[in-house]
Amino acid sequence: MPDEPLNLGFEETSAVFESATQNARVWTEQWAAAWLFCPNCGSERLGRFPGNSRVADFFCESCAEEYELKSSKSRFGAKVVDGAFGSMCERLAASNNPSLVLMNYDLARFGVTDLFFIPKQFFVREIIQERKPLAATARRAGWVGCNILLGDIPQAGKVFLVRDRISAPKALVMEQWRSTLFLKNAAVTARGWLIEVMKCVELVGRSDFTLDDVYAQEGRLRRLYPNNRNVRPKIRQQLQVLRDHGYLEFIGRGRYRVRAAA
Ligand SMILES: [Zn+2]
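Residues numbered from 1 in each chain as written. Predicted model: local features only at pLDDT ≥ 70, side-chain atom pairs only at ≥ 80, totals over all residues. Heavy atoms only, no water.

Caption draft 1: Just the nonpolar core, in detail. In this structure, Ile-118, Phe-123, Ile-128, Ile-148 and Leu-239 are the most contacted members of the largest nonpolar core, which totals 43 residues. Every element with two or more residues in this core is listed here: α2 (85-91), β5 (99-106), β6 (111-118), β8 (145-148), α4 (188-204), α5 (211-215) and α7 (231-244). No other element matches the 8 residues that α4 contributes to this core. Sequence-distant contacts of Ile-148, defined by excluding residues within four places in its chain, comprise Ala-78, Lys-79, Val-80, Asp-82, Met-88, Leu-100, Phe-123, Ile-127, Ile-128 and Ile-153. In this structure, Trp-31, Ala-32, Val-159 and Trp-177 belong to the second largest nonpolar core, which totals 28 residues. (Core = buried A, V, L, I, M, F, W, Y, C linked by side-chain atoms within 4.5 Å. Buried < 20%, exposed > 50% of the residue type's maximum accessible area, 1.4 Å probe, protein only. Helix = DSSP H or I, 4+ residues; strand = E, 2+ residues; numbered from the N terminus. Contact = heavy atoms within 4.5 Å.)

Okay, structure coming up:
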């Protein structure tokens, strides 16, 4: 498929708002509406949900995948602040839970610098952190927000379309997107384990590894699942599932290899 580099520049429109952040929101949303394709089905453009009433901002008319756009002029760190903790938890199991689109932009260059998708199947309870309730003096006293723990999402769950102002070919983006769709078949609780074991494998830091390398990450899983007394069998079971779906291969003598594009 021929692949033109993506136009990363924002459209020159007069600043509508006093606040730079509000203007940036207009520019980034216009850009997404003009240039974002659907990584799930390849449809050329995304539709926009009207107003601010929805959790999601964009949707695909062909496959109905929904997307929430978050943009920032500084790079995203280990955590991204999101909305209410309660509604986020309810959303996790919903079939229309939006995938996340994280965009970094540069107003001096007036365009996109980095953009990646987090497919919705990576949203599990383990990567949602409950924040402290707002203080009694706050306008919404007692309200509880949440953070998305970006640092805990394995690289396979970060599908880059733009990195350092260079866009990836659409075919590659779609291939990476497809490589983890198998996670959707697992219930949300089972999916958490799979994603956490993917993260442990990543923390080993090599594509070839042994079972002992993954066991070395056991402490991380024990902290996440303090009531589970069978962490090692659980690790082996997840590795089997990841193997069955082509994410890993067993290369014999207790050795494994990661196959997925990451
Ligand atoms: Zn689509």
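Caption draft 2: Highlighting the pattern of salt bridges. Tallied over the entire structure, the rule returns 21 salt bridges. Where Arg-222 meets Glu-218, a salt bridge forms, and the shortest distance between an N and an O atom there is 2.5 Å. Here Arg-222 and its partner Glu-218 are both found in helix α6 (residues 218-224), 4 residues apart, which amounts to about one turn of the helix. When salt bridges that share partners are traced, they join Glu-68, Lys-70, Asp-82 and Arg-91 into one network. (Salt bridge = Lys/Arg side-chain N within 4 Å of Asp/Glu carboxyl O.)

Caption draft 3: Inspection of the coordination of the zinc ion at higher detail. Around the zinc ion, the protein contributes the donor atoms Cys-38 (SG), Cys-41 (SG), Cys-60 (SG) and Cys-63 (SG), which lie 2.2 to 2.3 Å from the metal centre. In this structure, the zinc ion is coordinated by 4 donor atoms arranged in tetrahedral fashion, with angles at the metal of 103 to 117°. Mapping the donors of the zinc ion onto the primary sequence yields the spacing C-x2-C-x18-C-x2-C. Here Cys-38 is found in the loop between α1 (20-35) and β1 (47-48), whereas its partner Cys-60 is found in the loop between β2 (58-59) and β3 (66-72), with 22 residues between them in sequence. (Donors = N, O, S within 2.8 Å, 3.2 Å for Na, K, Ca; no water. Tetrahedral: all angles 85-135°; square planar, octahedral: opposite > 155°, others 65-115°.)

Caption draft 4: The arrangement of the environment of Phe-76 in detail. Take Phe-76: it is sitting in the loop between β3 and β4 (80-84). Residues Phe-76 and Ala-93, 17 residues apart in the sequence, show an inter-C-alpha distance of 25 Å. Apart from the residues within four sequence positions on either side, Phe-76 is in contact with Lys-70, Ser-71, Leu-102, Met-103, Asn-104 and Leu-150.

Caption draft 5: Just the sheet that holds strand β9 (residues 159-163), in detail. Here we have 7 strands laid out as an open sheet, ordered β1-β2-β3-β5-β6-β9-β10, and mixed in their pairing. At either end of the open sheet lies a strand with only one pairing partner, and these are β1 and β10 (166-167). Each of β3, β5, β6 and β9 touches helix α3 (residues 170-178); the most contacted strand, β9, lies at about 155° to it. (Pairing = 2+ DSSP bridges. Axes fitted to C-alpha atoms, helices over the stretch in contact; angles between N-to-C directions.)

Caption draft 6: Quick look at α3. Residues of α3 that are buried include every one of Lys-170, Val-173, Met-174, Gln-176 and Trp-177, and no others. Summarising the axial view, the buried residues of α3 lie within an arc of 160°, below the 170-degree limit, and thus occupy one face. Buried-residue contacts for α3 involve β3, β5, β6 and β9. (Arc of directions from axis to C-beta.)

Caption draft 7: Looking closely at the packing of aromatic side chains. The tally for this structure, following the rule as stated, stands at 11 aromatic pairs. The interplanar angle of 70° and the centroid separation of 4.8 Å between the aromatic rings of Trp-27 and Phe-110 together place this pair among those described as edge-to-face. Pair noted here: Trp-27 is in helix α1 and Phe-110 is in the loop between β5 and β6, with a separation of 83 residues, a long-range link. As far as burial versus exposure is concerned, Trp-27 and Phe-110 are alike and both buried. With centroids separated by 4.0 Å and ring planes inclined at 10°, the aromatic side chains of Trp-193 and Tyr-225 adopt a geometry described as stacked. Note that Trp-193 is positioned in helix α4 and Tyr-225 in the loop between α6 and α7, a separation of 32 residues in sequence. Among the aromatic residues, those joined into a ring-pair cluster are Phe-10, Trp-27, Tyr-105 and Phe-110. (Phe/Tyr/Trp six-rings, centres within 6.5 Å; stacked < 30°, edge-to-face > 60°.)

These values are about where atoms sit, not about what they do.
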